[in-house]
Amino acid sequence: MSDITKQSLTELVENIKNKKLSSTDVTKAFIDRSEKSEELNAYITNDFTSAIDKAKKFDQKPNLDLKLPGIPMAVKDLFCTKNIKTTAGSKILNNFVPTYESTVTENIWNEGAILLGKLNCDEFAMGSSNETSFFGNVQNPIDKNLVPGGSSGGSASAVAGQLTPITIGTDTGGSIRQPASFTGIVGLKPTYGSCSRYGIVAFASSLDQAGPMAQNVKDCALLHEVISSYDPKDSTSIDFKRNHFSKELTNNIKGKKIGIPKEYRVDGMPKEIEDLWQKGIQYIKDCGAETIDISLPNTSYALPTYYIVAPAEASSNLARYDGVKYGFRAKGENLIDMYEKTRSEGFGAEVQRRIMIGTYVLSSGYYDAYYLKAQKVRKLIKNDFDDVYKKVDAILTPSTPSSAFKIGEKTNDPVSMYLNDIFTVPVNLAGLPAISIPAGHDSNGYPLGLQIIGKAFDEQNILNIAYAMEEKINFKNKITDWWIK
Amino acid sequence: MSKKNSEYLINRKDNQYEVVIGLEVHAQVLSESKLFSTSSTKFGAEPNTQVSLVDAAFPGMLPVINEFCVKQAIKTGIGLNAKINKRSVFDRKNYFYADLPQGYQISQFKDPIVGEGKVILDMPNGQKEVGIERLHLEQDAGKSIHDLDPQNTFVDLNRSGVALMEIVSKPDLRSPDEVNTYVKKLRSIMRYLGTCDGNMQEGSLRADVNVSVRPKGSKEFGTRCEIKNVNSIKFMQMAIEYEANRQVDLIEEGKTIDQETRLFDTKKNETRSMRSKEDAHDYRYFPDPDLLPLEVSEKFIEDLKNEIPELPDDKKKRFIEEFKLSPYEANILVSDIDTAKYFEEVVTKMGKNKDIKLAVNWIIGELFAVLNSKDLEISQSPVSARNFAILINLIKNGTISGKIAKTVFELMIDGDKDPQKIVEEKGLKQQSDPKALEVLIDKIIDDNREKAIEYKQGKEKLFGFFVGQAMKASGGKANPQLINEILKKKL
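Source: prediction; values computed, not measured.

Which residues make up the overall build of chain A, and what values go with them?
Across its full length, chain A carries 16 helices and 11 strands. For 485 residues, the compact-globule estimate of 2.2 N^0.38 gives 23 Å, and the C-alpha radius of gyration of chain A, at 21 Å, lies within 12% of that figure. Taken along the three principal axes of its C-alpha coordinates, chain A extends 60 × 55 × 45 Å. Expressed as a percentage of its 485 residues, the buried residues of chain A come to 60%. Sequence-distant contacts in chain A: of pairs separated by 6 or more residues, those separated by 24 or more amount to 77%.

Tell me about the overall build of chain B, and please be specific about residues and values.
The secondary structure content of chain B amounts to 15 helices and 16 strands. The C-alpha atoms of chain B give 30 Å as radius of gyration, which overshoots the globular expectation for 491 residues (23 Å, by more than 25%). Principal-axis analysis of the C-alpha atoms places the extent of chain B at approximately 95 × 60 × 50 Å. Burial analysis of chain B (491 residues in total) assigns 40% to the buried set. Counted over contacts in chain B with a minimum sequence separation of 6, partners at least 24 positions apart contribute 67%.

Summarise the interface of chain A and chain B; cite the residues concerned and give the values.
Listed as interface residues are 33 residues of chain A and, on the opposing side, 24 residues of chain B. Elements supplying a minimum of two residues to the side of chain A that touches chain B: α10 (302-317), α11 (335-346) and α12 (349-362) of chain A. Per element, the largest residue contribution to the side of chain A that touches chain B is three residues, and it comes from α10(A). Of the residues contributing to the side of chain A that touches chain B, the split by class is 16 nonpolar, 10 polar and seven charged.

Run through unusual backbone geometry, naming residues and quoting values.
Residue and element names in this part refer to chain A. In this model, Gly 150 is joined to Ser 151 through a cis peptide bond whose omega is 10 degrees. Relative to the assigned elements, Ser 151 resides in the loop between β3 (114-119) and α6 (153-160). Of note in this structure, Asn 41 is not a glycine but carries a positive phi near 55 degrees. Topologically, Asn 41 is positioned in the loop between α3 (23-36) and β1 (43-46). Phi at Asn 474 takes a positive value of approximately 50 degrees, unusual for a residue other than glycine. Judged by the 6 C-beta atoms lying within 10 Å of it, Asn 474 is exposed.

Tell me about the pairing of strand β4 (residues 91-94) of chain B, and please be specific about residues and values.
Residue and element names in this part refer to chain B. The side-chain alternation of β4 yields two buried faces, one formed by Asp 91 and Lys 93 and the other by Arg 92 and Asn 94. Pairing of β4 with strand β15 (residues 286-287) involves two bridges; the strand directions are antiparallel. Along β15, the bridge assignment pairs Asp 91 with Pro 287.

Lay out the domain arrangement of chain B in plain terms, naming residues and giving numbers.
In terms of domains, chain B is made up of domain 1 (4-305), domain 2 (312-426) and domain 3 (434-490). Just the C-alpha atoms count here: the centres of domain 1 of chain B and domain 3 of chain B sit 66 Å apart.

Could you give me a rundown of the environment of A:Ser34, with the residues and numbers involved?
Secondary-structure assignment places A:Ser34 in helix α3. Leave out the neighbours within four places in its chain, and A:Ser34 touches A:Tyr43, A:Asn46, A:Leu116 and A:Leu163.

Give me the packing of helix α10 (residues 402-413) of chain B against helix α11 (residues 419-426) of chain B: which residues, what numbers.
Residues and elements named next belong to chain B. Where α10 meets α11, the closest approach of the two axes is 10 Å, and the angle between their N-to-C directions is 115 degrees. Overall, the two elements α10 and α11 adopt an arrangement that is roughly perpendicular. The chirality of how α10 crosses α11 is right-handed. Contact with α10, carried on its side by Val 408, Leu 411 and Met 412, involves Pro 419, Ile 422 and Val 423 of α11 and no other residues of that element.

Would you mind going over the sheet that holds strand β5 (residues 104-107) of chain B in detail, with residue names and values included?
Strand order in the open sheet made by the three strands is β5-β4-β15 (chain B), with antiparallel pairing throughout. Where the open sheet ends on each side, the last strands, each with one partner, are β5 and β15 of chain B.

Please give an account of helix α13 (residues 449-456) of chain B that cites residues and values.
Burial of α13(B) is sparse: only zero of the eight residues sit out of reach of the surface. Backbone geometry just downstream of α13(B) places B:Gly458 in the positive-phi region, at approximately 120 degrees.

Before we move on, can you summarise the sheet that holds strand β7 (residues 257-261) of chain A with the specific residues and values?
All names here are of chain A. As summarised here, the arrangement of the eight strands in space is β4-β6-β5-β10-β11-β9-β7-β8, forming an open sheet in which the pairing is mixed. The open sheet terminates on both sides in strands that have one partner only, identified here as β4 (166-170) and β8 (290-294). Each neighbouring strand pair of the sheet contributes to a mean axis angle of 30 degrees, computed without reference to strand direction. Sheet analysis places strand β5 (residues 186-189) next to strand β6 (residues 210-214), joined by two bridges and oriented antiparallel. Residue pairing in the sheet places Val 186 in a bridge with Ala 214 of β6. Lying over the sheet, helix α8 (residues 217-227) contacts β4, β5, β6 and β10 (434-441), oriented at roughly 150 degrees with respect to β6.

An account of the packing of helix α7 (residues 337-350) of chain B against helix α9 (residues 385-396) of chain B is requested, with residue identities and associated values reported.
Residues and elements named next belong to chain B. With their axes 8 Å apart at the nearest point, α7 and α9 run at an angle of 55 degrees to one another. Our classification of the angle between α7 and α9 gives oblique. The interaxial crossing formed by α7 with α9 has right-handed handedness. Residues Tyr 342, Glu 345, Val 346, Lys 349 and Met 350 of α7 form the contact with α9, whose participating residues are Ala 385, Arg 386, Phe 388, Ala 389, Ile 392 and Asn 393.

Now, about the nonpolar core: what can you tell me, with residues and values included?
Judged by nonpolar contacts, the single largest core of 250 residues is most densely connected at A:Ile452, A:Ala466, B:Ala73, B:Val209, B:Leu391 and B:Val408. Tallying contributions element by element places α10(A) first for this core, with nine residues. Residues B:Ile444, B:Ala470, B:Leu482 and B:Ile483 belong to the second largest nonpolar core, which totals nine residues.

Account for the confidence of the model for chain B, with residues named and values stated.
Here chain B averages 93 in pLDDT, and 99% of its residues register 70 or above. On the interface metric, ipTM, the complex scores 0.96, and its pTM is 0.92.

Could you give an account of the environment of A:Leu163, with specific residues and numbers?
Residues and elements named next belong to chain A. With respect to the helices, strands and loops of the structure, Leu 163 is situated in the loop between α6 and β4. With 30 C-beta atoms counted inside 10 Å, the residue Leu 163 sits in the buried group. With 126 residues separating them along the chain, Leu 163 and Ser 37 place their C-alpha atoms 7.8 Å apart. Ignoring sequence-local partners within four residues, the contact set of Leu 163 consists of Phe 30, Arg 33, Ser 34, Ser 37, Ala 42, Ala 74 and Ala 158.

Can you break down α10(B) residue by residue, with the values?
All names here are of chain B. Relative to the 16 Å expected for 12 residues at 1.5 Å per residue, α10 spans 17 Å between its end C-alpha atoms, a close match to the ideal helical length. What α10 keeps buried is the set Ile 404, Ala 405, Val 408, Phe 409 and Met 412. When α10 is viewed along its axis, its buried side chains cluster within an angular range of 145 degrees and face the same direction. In the core, the buried residues of α10 are packed alongside α8 (356-374), α9 and α11.

Can you tell me about the pairing of β8(A), naming the residues and giving the values?
Residue and element names in this part refer to chain A. Summarising the sheet, β7 and β8 pair through five bridges and their orientation is parallel. Note that in β8 the partner of Pro 261 across the bridge is Ile 294. Assessed by its sense of winding, the connection that carries the chain from β7 through helix α9 (residues 271-286) to β8 is right-handed.

The rules behind these values
- Residues numbered from 1 in each chain as written.
- Chains lettered and ligands numbered in written order.
- Predicted model: local features only at pLDDT ≥ 70, side-chain atom pairs only at ≥ 80, totals over all residues.
- Helix = DSSP H or I, 4+ residues; strand = E, 2+ residues; numbered from the N terminus.
- Rg over C-alpha atoms; globule rule 2.2 N^0.38 Å.
- Buried ≥ 20, exposed ≤ 12 C-beta atoms within 10 Å, placed from the backbone.
- Contact = placed C-beta atoms within 7 Å.
- Nonpolar A, V, L, I, M, F, W, Y, C, P; charged D, E, K, R; others polar.
- Pairing = 2+ DSSP bridges.
- Domains from an automatic or database assignment.
- Axes fitted to C-alpha atoms, helices over the stretch in contact; angles between N-to-C directions.
- Parallel < 35°, antiparallel > 145°, perpendicular 65-115°, else oblique.
- Left-handed = near helix turned anticlockwise from the far one by under 90°.
- Core = buried A, V, L, I, M, F, W, Y, C linked by C-beta atoms within 7 Å.
- pLDDT = per-residue confidence, 0-100.
- Expected span 1.5 Å × (residues − 1).
- Arc of directions from axis to C-beta.
- Right-handed = clockwise from strand over helix to strand, strands pointing away.

Structure follows, in structure tokens:
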């Protein structure tokens, strides 16, 4: 059975379609491994019992025309799932059971997939190491006491540790790509407006975007094909023609022009990251594509801009968690007292920090200097990309400025923690798609990722480039199953 | 206080003060569903039965603009002769309250959907123009109910998310009377447009009233106070009167006025401080990232312009020209769309040989009296426009006298009966046969020989006596004009 969990999504789909495997076989295998993997703390809530029921039901009358026929999968606990507790990694939603389903997960179930459970994440997706979760740290399957990255840390850990064949995360400033890079898997952050935000617990509405996480590029393309849809229930969803990403996937990228932005060569970046990047450039060339040195001059302003825009929106988005309607409520002397106690007991430190930053930058007298200025810079950052996309088809950068760090290493230094997102954040500010693929290892054997940034709505192109590079890189994740006794 | 030259001034010793008023009217958009959700807006439902997941701000729920409400706001803007902004932006107004589930109200701050416009008021001493600063769309909050339980506050979210238009006037109003006329005019325009039912009892129309005072002749504005959420015109007028006098008293005592938000206590008839400028909320407005800027095309606006019905000002002009009504009469008939509709239907139903003046007198007189006494709107009139028109025609063509018509009208009220039938059934037709009347009058003169002689000798007052006797003898049905003629001849 252990064999099953090593298979890619594409292989599992094929084996189910060929009737070599049943959905029940596959579901049981992943549940079995998940149960042995409690030490990873990847799950917040599991739904194993009903998953098996659903798998059996699927096998009785299998619809093999579906894209994810009887495939079990766990999802980040930021997606609202009908009748299944949805916490966003927070105490304040510890008892919250939605009566509705997010559009993205709905799309997944409609294609035949089966929910295994809800995966751990940083509280309200605010974090880069999964250490802000109310439900505790997540272990990186790569090594003990190593963070899996964040905020989709549980998702990354679960895919890398083979507790789920694929998963979905959300990416507001790097929350899919950074953990994908830290755990040696593939993660795609789609164009803003590609996947519906309906039913996803909001962090920063103008940046949030759901995306697939998988063992390889092809699996990622298939899952993206399933989750990307126009949704009238999300006013920022965009109605454009969506590709059959997995079918149209090709490793032929000959003649493509790939930009190498000089501003991503930051001070103090470890040499192994620079080396990885150079290796990536070589792979690109080996695939018959061309690399061009480019400049994205406003890159250095991206992180401060992000840390104004995202907290501003978050401070308002999280106002609804007030103890009045649902979720955790602390007892108070009066309404104000109840608010204060509920929110100071219900939210963790990082969330409170960001609410305070956001409240500050929006307050009268500071709005122009911070929020408005940040919006202007955001426009400049987007213009940078628009300019270079006149010359290149995509951009290649490292995914992160370092490999995964130890649990607790950066918890007392928020700025150093925020710096983790330095390469991923500009993409969210510009609303572009980007994919992180595993491309090598550092001296500890920890995985390192490369990021390919595309033009808006051009996911097919970056998936193709990633697919071509993946073949050349031939990355092997070093999973020792250290956590399984 | 005096009203010299119809100016509203507040007098203290030798000083006269002018009152400056600006209104922020909150008008509920007439719409089946809410501004950003599909739940119903119907009034009077059981608490919390018209609440969607969006209205209750569940995690991950997103607002989707209701296009109909946008159309309603633009139509209202057109009715206010205002600039329609092709691009407007929804902002979040952030504050915590138990009946505000999102923790913010979606409103429009910097870029409203409608810009500057104007409204013409008909005042006794002539017309007055009141500037409109802007109109924007926003969500209503829910309702906190404090008096059902000694310990707890209950929250009803039925109103949460209902679309409101906030119509902000320029500080152009100068008296409670002008405020009365202004609010009625806004209400009238919106009812014509079908964009707001204007029902103040159900809270469809409320206003924040900004009041300041300044010495007569001064060009500068005084410090203003905002009286929040006043829900009837009468209370607006009372609040202004109280507040203006309070401010004048402060100035007279050498004190200064604090800019603040006040509440009007309807029981004590006074305004009270709610919060000072220092305690004012910092609403942290910023564009709602869940909603894209609202963009409408020229064509979208043009199409709506074509849907705009004849509005009160134009209707009034037409009534004066077409029906030769006095401005006073026209004003009364156009001020409410249903009255205007009724009147125009009566005019149509009266056919060719019509007496419009007579119809107007009867509407303003008899019909309004009946509606008043029964506390009915004209749309609920017990007498249909059709039967009303027949009645007027019966008077006009001499079938019944005005006096008999009143009797007939009384009978019509019960079940909207056809006046023609009433006249026939009750034999109320006017006697206009000169021969029959001559016989009747001969008998009266015969019976009252002495009085006839006195009359001939010069006691002219007795003519009325004979008329009265003749009418009495005919059971009131005799044509009074004929009676007069015959009597004059015979006596």
